[in-house]
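A closer look at the structure
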Amino acid sequence: KAGFHAVAPELFQREGDVKKIPNVQDVLKIVLAVPREQMLGDVAATVDWAKGRPGARKDRVGVTGWCWGGSTTIQIAAAIPDIKAAVAWYGPPARPYKSAKGDVTGFDLSPTAIAWCARRFGDTSARYVVADLFDAPREWSRAFDLVFEGYTLQALPVELRERGFAPIADFV
C-alpha cells in the first residue's frame, strides 16, 4: 500500500543452495568465489525485473546490504546507473572479488591492519598493501574502476582532510 517493493535475489543459486549449508566458512567459500561480473549482472537483471512490476517507481531504485552485502552495495551503486540510493550498513571495504578487469587492492598505513586483512581474506585474489595515502605508488594513478573510501578521511586531523581528497580522486 505504501508503494514500496523489496526484492532479495538469490545470487548464489548457480553455486548451490547456500541456505542449507550449516558451516559459515563453507558458505563464504562459495560467496567469495562468485565473479564480480556475475553478481552485477544478476543484480542488474533483478533491477530490470523489479522495474517492470505493476506500480513500481522506475526512477526510485535503491540497494542496501550488510556484511558481504554492505561492500557489495557500494559496487552495485557504482556500476548500475538505475541505482539512485545506496545504504551500506557495514562490510569489508576491499571486497575481494575475482574480476576480469583486475584484482582488488586494499591499502592502509598500518602494517597491523594489512596483516589482519591478509589473514582474513588470504585465500582470495585480493592484494593488501601497506601504503600512505599522501605518498601512494605512482602506478595507482588512474588505475582503478572503483575506489571505496571508508573512514580514511574522517580519521585524519582536520588540517589533513582537505589534502586527502585529491589523492583518492586520482586513483580513478
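This text goes with the structure placed above it.
Notes on the structure follow.

Analysis parameters
Residues numbered from 1 in each chain as written. Predicted model: local features only at pLDDT ≥ 70, side-chain atom pairs only at ≥ 80, totals over all residues. Heavy atoms only, no water. Helix = DSSP H or I, 4+ residues; strand = E, 2+ residues; numbered from the N terminus. Buried < 20%, exposed > 50% of the residue type's maximum accessible area, 1.4 Å probe, protein only. Contact = heavy atoms within 4.5 Å. Areas by Shrake-Rupley, 256 points an atom, 1.4 Å probe, with all protein chains shown as cover. Phe/Tyr/Trp six-rings, centres within 6.5 Å; stacked < 30°, edge-to-face > 60°. Lys NZ or Arg CZ within 6 Å of the ring centre and 35° of its normal. Salt bridge = Lys/Arg side-chain N within 4 Å of Asp/Glu carboxyl O. Expected span 1.5 Å × (residues − 1). Pairing = 2+ DSSP bridges. Right-handed = clockwise from strand over helix to strand, strands pointing away.

1. So, the overall build of the protein
Assigned secondary structure in the protein consists of 6 helices and 4 strands. Listing each helix as α and each strand as β along the protein from the N terminus yields α-α-β-α-β-β-α-β-α-α. Burial statistics for the protein: of 172 residues in total, 31% are counted as buried. A sequence separation of at least 24 residues applies to 54% of the contacts in the protein between residues at least 6 apart. Total accessible area on the protein stands at roughly 11,200 Å², and carbon and sulfur atoms take up 58% of it.

2. Re the packing of aromatic side chains
Under the defined criterion, the tally for this structure stands at 3 aromatic pairs. Residues Phe107 and Trp140 carry aromatic rings whose centres are separated by 5.1 Å and whose planes lie at 50° to one another, so their mutual orientation is tilted. Here Phe107 is found in strand E3 (residues 105-108), whereas its partner Trp140 is found in the loop between strand E4 (127-130) and helix H5 (152-155), with 33 residues between them in sequence. Judged by relative accessible area, which is 30%, Phe107 ranks as partly exposed. Overall, Trp140 belongs to the buried group, its relative accessible area being 3%. Geometrically, the ring pair formed by Phe107 and Phe171 is edge-to-face, given 6.0 Å between the ring centres and 90° between the ring planes. Of this pair, Phe107 sits in strand E3 while Phe171 sits in the segment after helix H6 (158-170), and the two are 64 residues apart along the sequence. Judged by relative accessible area, Phe171 falls into the buried class, the value being 5%. Here a set of aromatic residues connected by ring pairs shows up, and it is made of Phe107, Trp140 and Phe171. Arg163 extends its terminal NZ or CZ atom over the ring of Phe134, reaching a point 4.3 Å from the ring centre.

3. Overview of the pattern of salt bridges
Taken as a whole, this structure holds 6 salt bridges when the rule is applied. The salt bridge involving Asp26 is made with Lys29; its shortest N-O contact spans 3.9 Å. Here the residue Asp26 and the residue Lys29 both occupy positions in helix H1 (residues 24-31), the gap between them amounting to 3 residues, near one helical turn. Across the salt bridge formed by Arg142 and Asp170, the nearest N and O atoms sit 3.7 Å from each other. Of this pair, Arg142 sits in the loop between E4 and H5 while Asp170 sits in helix H6, placing them 28 residues apart in sequence. In this structure Arg142 comes out as exposed when scored by relative accessible area, which is 57%. When its relative accessible area of 28% is taken as the criterion, Asp170 is described as partly exposed.

4. Brief notes about helix H3 (residues 68-79)
Given a rise of 1.5 Å per residue, 12 residues ought to cover 16 Å, and the 17 Å separating the end C-alpha atoms of H3 matches this to within 8%. Within the sequence span of H3, burial applies to Trp68, Gly69, Gly70, Ser71, Thr72, Thr73, Gln75 and Ile76. Summarising the contacts, the buried residues of H3 are in contact with H1, helix H2 (36-51), strand E1 (61-65) and strand E2 (83-88).

5. Let's talk about the pairing of E1
Here E1 shows one buried face, formed by Val61, Val63 and Gly65, and one open face, formed by Gly62 and Thr64. Bridge count between E1 and E2: 5 bridges; the pairing is parallel. Looking across to E2, one finds that Val61 is bridged to Ile83. Chirality of the crossover, the property in question, places the unit of E1, H3 and E2 among those that are right-handed.

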